Structures are given as C-alpha cells and as structure tokens.
Amino acid sequence: MKILFVISSLSSGGAERVMSILANEFAKSNEVAIVTLSKSESFYNLDRSIKHIKLDLLKSSNNILETIINSLNRLRVLVKVFKRENPDVVISFMTHTNILATIAAKISNKKIIISERIAYDYYGSKILNTFRKFIYPLSDAFITQTQADLKNYIFLKNSYVIYNPIEIKNFDINIKKENIVLGVGRLDKQKGFDLLIRAFCKIKDSNWKLVIAGEGDERDRLERLIKELKATNIELIGRTKDIFKWYKKASIFALSSNKEGFPNVLIEAMTFGCAVVSFDCPYGPGEIIQNGVNGLLIENQNEESLKEAIELLIKDKELREKLSLEAIKAKERYSIEKIANEWYRVIEGVVK
C-alpha cells in the first residue's frame with residue numbers, strides 16, 4: 001500500500017512527533033511519503049525509505065486577499081502532488097492542512113483520512129469551525145485523540161478515537177531517579193508554565209529542582225518570573241532531541257496546560273516511570289490518569305492544588321513509587337504496535 005501523509009511541517013511538536021512515529025512504523029511494510037507545506041527538514045528521525053516532499057508553501061498572509069491567494073496556491077500544488085504520487089490513501093494532520101488536503105483529495109479523486117491533533121475550540125474561530133462542518137464530511141474517515149473531543153464532531157459519521165502512540169526502546173525500569181520535577185512543552189501560555197513555576201516556588205525543599213524542556217515565545221517572560229521569585233532551583237533547558245534522558249532522570253512529571261489535544265508528554269513520562277500530576281484539562285489527562293492509581297489528577301488551573309500535589313509526591317516516597325509502577329503500564333496501552341493496528345483497521349475500511 002502507498003500511504004501519503006500531509007502536515008504543515010515536521011517541527012518539534014506533538015502532532016509532528018506522532019506522524020513521524022506512525023510513518024516509521026507504516027514504512028516497515030508499506031511505501032510511505034510525507035508532504036510538508038514547509039521547506040524545513042524533519043526535527044524527528046525518519047526511516048530512510050520515507051520520501052519527504054518539502055513544498056515551501058508557508059508564505060505569510062497580511063490580509064484576507066493574500067490569505068485566499070496563498071490558500072488557492074497551496075491547494076493547486078497539493079492536487080498536483082496527490083495526482084503525481086498516486087497514493088492509496090492520504091492521511092492529513094491538523095485543522096488548516098486537513099481542510100486543504102480534503103479539498104485536494106476530492107479534486108484528485110483520492111481517499112483521505114483526516115485527524116485533529118488539538119482541542120476543537122483551540123482556535124476559537126467561528127469561520128474555521130464553519131469550514132470544518134462543510135469540508136470535514138467530505139473526508140473518508142476522521143480520527144480524533146479522545147472520547148471527550150469526539151463529542152464535538154457529531155456532524156461527522158465515520159469518526160474514530162485513536163490515542164497517540166509511544167515508541168520507547170531499551171528502557172531499564174531500574175534506573176535511579178533524581179530529585180527532579182519535569183515539565184515539557186512549547187513555552188506558550190497554553191502550557192501554563194508560569195503557574196507551574198509559581199506553584200513550585202511555594203514548596204520549601206531545597207533538594208529538588210524544576211526542569212522545563214521546550215522553547216517558545218514565553219521564554220523571556222518565564223525567565224523574568226524566575227528572577228522575580230529568586231528561584232535558583234528552576235532551569236529552562238530549551239528544546240532537546242534527547243527528551244528521553246530527562247524522563248529517565250525525573251521522579252515527578254507535571255502537566256500544567258489549560259488545554260490539550262492529547263498530551264504525548266504525559267504518556268511518555270508515565271512510560272519512563274515518572275510519578276505524574278496533571279490538571280484535569282480538556283482534553284486527554286482525564287482519559288489517561290486514574291486519580292490516585294497511576295497519577296494525580298487535580299482541578300484545572302488551580303495553582304494551590306498543583307503545589308499541594310507536587311509537594312505530596314516529594315514528601316511521600318512510597319506514594320511516588322507506587323504511582324510510578326502503575327504509570328509504567330502505559331507502555332502497553334499506548335505501544336506503537338497496538339496504535340498502528342488501530343490505524344490499519346481504519347485505513348483498510350477506507351481503501352477496500
């Protein structure tokens with residue numbers, strides 16, 4: 001089978017990581033290509049057999065007219081690529097790309113599966129939601145990441161929930177953990193790292209430190225906040241390709257986002273035996289964490305509850321280790337083999 005993935009770019013994001021994992025898995029027994037609207041190389045490693053088609057179409061738009069012109073040009077190029085590559089199925093990720101790819105697939109008479117990787121209301125745009133309601137039903141199948149988010153797509157028929165996969169190899173569960181609380185993600189307001197920093201600073205334990213991995217527009221503001229709080233045990237380490245190294249070290253992982261599509265970082269941290277604490281934000285954590293069993297789930301954006309949960313895990317080693325042992329079981333629930341089989345079932349239903 002020939003599978004053609006489409007996404008805006010393969011930068012260091014969660015959706016991009018999931019696509020690269022799926023593409024590498026599918027490439028074991030299929031012909032796989034990835035089309036990116038961006039001209040940039042992939043941040044994540046791709047199998048040598050995967051063809052990466054970089055279109056260089058991410059020209060910025062300064063007004064409505066330019067938006068229309070740029071969108072039509074992207075559509076024209078996508079139609080050309082779909083016809084030339086002639087895949088058995090197209091798989092598109094992310095809202096804006098989904099809309100363009102669905103139209104291009106219909107014009108070029110190709111089967112298409114579209115997948116949302118963020119919360120339905122992430123953009124807060126009525127125009128975008130209108131496009132979804134008119135364009136998404138033209139797709140052959142739709143995949144979202146959580147049961148909760150699926151409820152937002154009652155206007156679609158062939159809809160499925162498939163959780164994100166993880167791909168972790170050769171992990172020694174007996175590795176010695178360090179006194180580290182870890183946060184991972186883009187440095188933007190959605191991720192709530194300012195709240196995590198303030199909560200951590202209220203904990204009086206000099207033997208622990210907070211490490212935040214990621215990069216983004218909020219870096220300067222977060223650095224100023226750390227200075228204002230005179231926190232010497234907080235480190236912003238930036239973007240890293242070896243995030244697994246930090247999951248191995250960290251004893252505790254904290255998710256402070258106010259909303260998610262499906263937090264890959266949460267299940268990755270659990271797989272590495274981190275005791276996790278997360279806000280019960282839309283969407284994902286409530287379907288991943290069984291409160292008190294494999295992690296701690298707390299009221300969304302409640303800074304005091306976040307402080308208390310982290311402090312509890314720091315002080316109660318027995319609880320920390322108990323949650324860690326249960327969290328590791330995520331390795332089976334979200335294994336790439338299991339998730340790939342769920343994707344295959346949808347693909348086979350589309351291309352039959």
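Criteria and cut-off values
- Residues numbered from 1 in each chain as written.
- Predicted model: local features only at pLDDT ≥ 70, side-chain atom pairs only at ≥ 80, totals over all residues.
- Heavy atoms only, no water.
- Buried < 20%, exposed > 50% of the residue type's maximum accessible area, 1.4 Å probe, protein only.
- Helix = DSSP H or I, 4+ residues; strand = E, 2+ residues; numbered from the N terminus.
- Pairing = 2+ DSSP bridges.
- Core = buried A, V, L, I, M, F, W, Y, C linked by side-chain atoms within 4.5 Å.
- Contact = heavy atoms within 4.5 Å.
- Axes fitted to C-alpha atoms, helices over the stretch in contact; angles between N-to-C directions.
- 1 Å grid on protein atoms, 1.4 Å probe; cavity = no way out; pocket = protein on both sides within 12 Å on 5 of 7 lines; lining within 4 Å.
- Points joined across faces, edges and corners; volume = space filled by probe spheres on them.
- Expected span 1.5 Å × (residues − 1).
- Parallel < 35°, antiparallel > 145°, perpendicular 65-115°, else oblique.
- Left-handed = near helix turned anticlockwise from the far one by under 90°.
- Nonpolar A, V, L, I, M, F, W, Y, C, P; charged D, E, K, R; others polar.

Student: Lay out unusual backbone geometry in plain terms, naming residues and giving numbers.
Tutor: Between Pro-282 and the following residue, Tyr-283, the backbone shows a cis peptide bond with an omega angle of -5°. Phi is positive for Asp-56, close to 55°, though the residue is something other than glycine. When its relative accessible area of 48% is taken as the criterion, Asp-56 is described as partly exposed. With a phi close to 85°, Met-94 is a non-glycine residue in the positive phi region. If you trace the backbone, Met-94 turns up in the loop between β4 (89-93) and α3 (95-107).

Student: Which residues make up the pairing of strand β12 (residues 275-279), and what are the values?
Tutor: With five of its five residues buried, β12 lies for the most part within the structure. Alternating positions in β12 separate into two faces, Ala-275, Val-277 and Phe-279 on one and Val-276 and Ser-278 on the other, with burial throughout. Sheet topology places strand β11 (residues 250-255) next to β12; four bridges connect them, and they run parallel. Looking at the pairing, Ile-252 lines up with Ala-275 of β12.

Student: Quick rundown of the nonpolar core? Include the residues and the values.
Tutor: In globular proteins that are soluble, nonpolar side chains generally tend to be buried together. Phe-5, Phe-26, Phe-93, Ile-113, Phe-253 and Trp-343 are the most contacted members of the largest nonpolar core, which has 62 residues in total. Sorting elements by how many residues they give to this core places helix α14 (residues 336-351) first, with eight residues. Leu-195, Val-277, Ile-298 and Ala-309 belong to the second largest nonpolar core, which has 32 residues in total.

Student: Tell me about the environment of Leu-138, and name the residues and values.
Tutor: Within the secondary structure, Leu-138 is located in the loop between α4 (126-135) and β6 (141-144). Judged by its relative accessible area of 41%, Leu-138 falls in the partly exposed class. When near neighbours in sequence (up to four residues on either side) are disregarded, Leu-138 contacts Thr-102 and Lys-106.

Student: Describe the sheet that holds strand β5 (residues 112-115), naming the residues involved and giving the relevant values.
Tutor: Pairing is parallel in the open sheet, where seven strands are placed in the order β3-β2-β1-β4-β5-β6-β7. At either end of the open sheet lies a strand with only one pairing partner, and these are β3 (51-54) and β7 (159-161). Along the sheet, successive strands turn relative to each other by an average axial angle of 20°, direction set aside. Two strands pair when backbone bridges link them, and strand β1 (residues 2-7) and β4 are joined in this way by four bridges, in the parallel orientation. Each residue of the ladder has a partner; that of Val-6, found in β4, is Ser-92.

Student: So what about empty space enclosed by the protein? Which residues, and what values?
Tutor: Under the criterion given, the structure shown has one cavity of 30 Å³ or more. In this structure, the largest cavity encloses a volume near 30 Å³. If you go around the largest cavity, the residues you meet are Val-184, Lys-191, Phe-193, Phe-253, Ala-254, Leu-255, Ser-256 and Ser-257. Broken down by element, the residue count for the lining of the largest cavity peaks at three residues, all from β11.

Student: Would you mind going over helix α6 (residues 193-201) in detail, with residue names and values included?
Tutor: Within α6, seven of the nine residues are buried, leaving the element largely enclosed by the surrounding structure. Turning to α6, its buried residues are Phe-193, Asp-194, Leu-195, Leu-196, Ile-197, Ala-199 and Phe-200.

Student: Break down α14 for me, citing the residues and quoting the values.
Tutor: The terminal C-alpha atoms of α14 lie 22 Å apart, and with 16 residues this matches the ideal 22 Å at 1.5 Å per residue to within 8%. Taken residue by residue, α14 has Ile-336, Ile-339, Ala-340, Glu-342, Trp-343, Tyr-344, Val-346, Ile-347 and Val-350 as its buried positions.

Student: Quick rundown of the packing of helix α2 (residues 64-85) against α3? Include the residues and the values.
Tutor: Each pair of packed helices gets described by two things: the angle between the helix axes and the distance between those axes. The interhelical angle for the contact between α2 and α3, taken along N-to-C directions, is 50°, at an axis separation of 9 Å. Relative to α3, the element α2 is oriented oblique. The handedness of the crossing between α2 and α3 comes out as right-handed. Every residue of α3 that contacts α2 at Ser-71, Arg-74, Leu-75, Leu-78, Val-79, Phe-82 and Lys-83 is listed here: Leu-100, Ala-101, Ile-103, Ala-104, Ala-105 and Ile-107. Counted by class, the contact of α2 with α3 contains ten nonpolar, one polar and two charged residues.

Student: Describe the packing of helix α1 (residues 14-26) against α14, listing the residues and the values that go with them.
Tutor: Taken N-terminus to C-terminus, the directions of α1 and α14 make an angle of 80°; their axes are 11 Å apart at the nearest point. Classed by the angle they form, the pair α1 and α14 counts as roughly perpendicular. Taken together, the residues of α14 that come into contact with α1 (itself represented by Ile-21, Leu-22, Glu-25 and Phe-26) are Ile-336, Ala-340, Trp-343, Tyr-344 and Ile-347. Tallied by class, the residues present in the contact of α1 with α14 amount to eight nonpolar, no polar and one charged.

Student: Residue-level account of the sheet that holds strand β8 (residues 178-184), with values.
Tutor: Strands pair in a sheet through their backbones, by hydrogen bonds, and they do so in one of two ways: parallel or antiparallel. Across the sheet, six strands lie side by side as β10-β9-β8-β11-β12-β13; this open sheet has parallel pairing. Both outer strands of the open sheet, β10 (234-238) and β13 (296-298), are each paired with one neighbouring strand and no more. Sheet twist, expressed as the average angle between the axes of neighbouring strands with direction ignored, equals 20°. Sheet strands touched by helix α9 (residues 264-271): β8, β11 and β12. Its angle to β11, the strand with the most contacts, is close to 160°.

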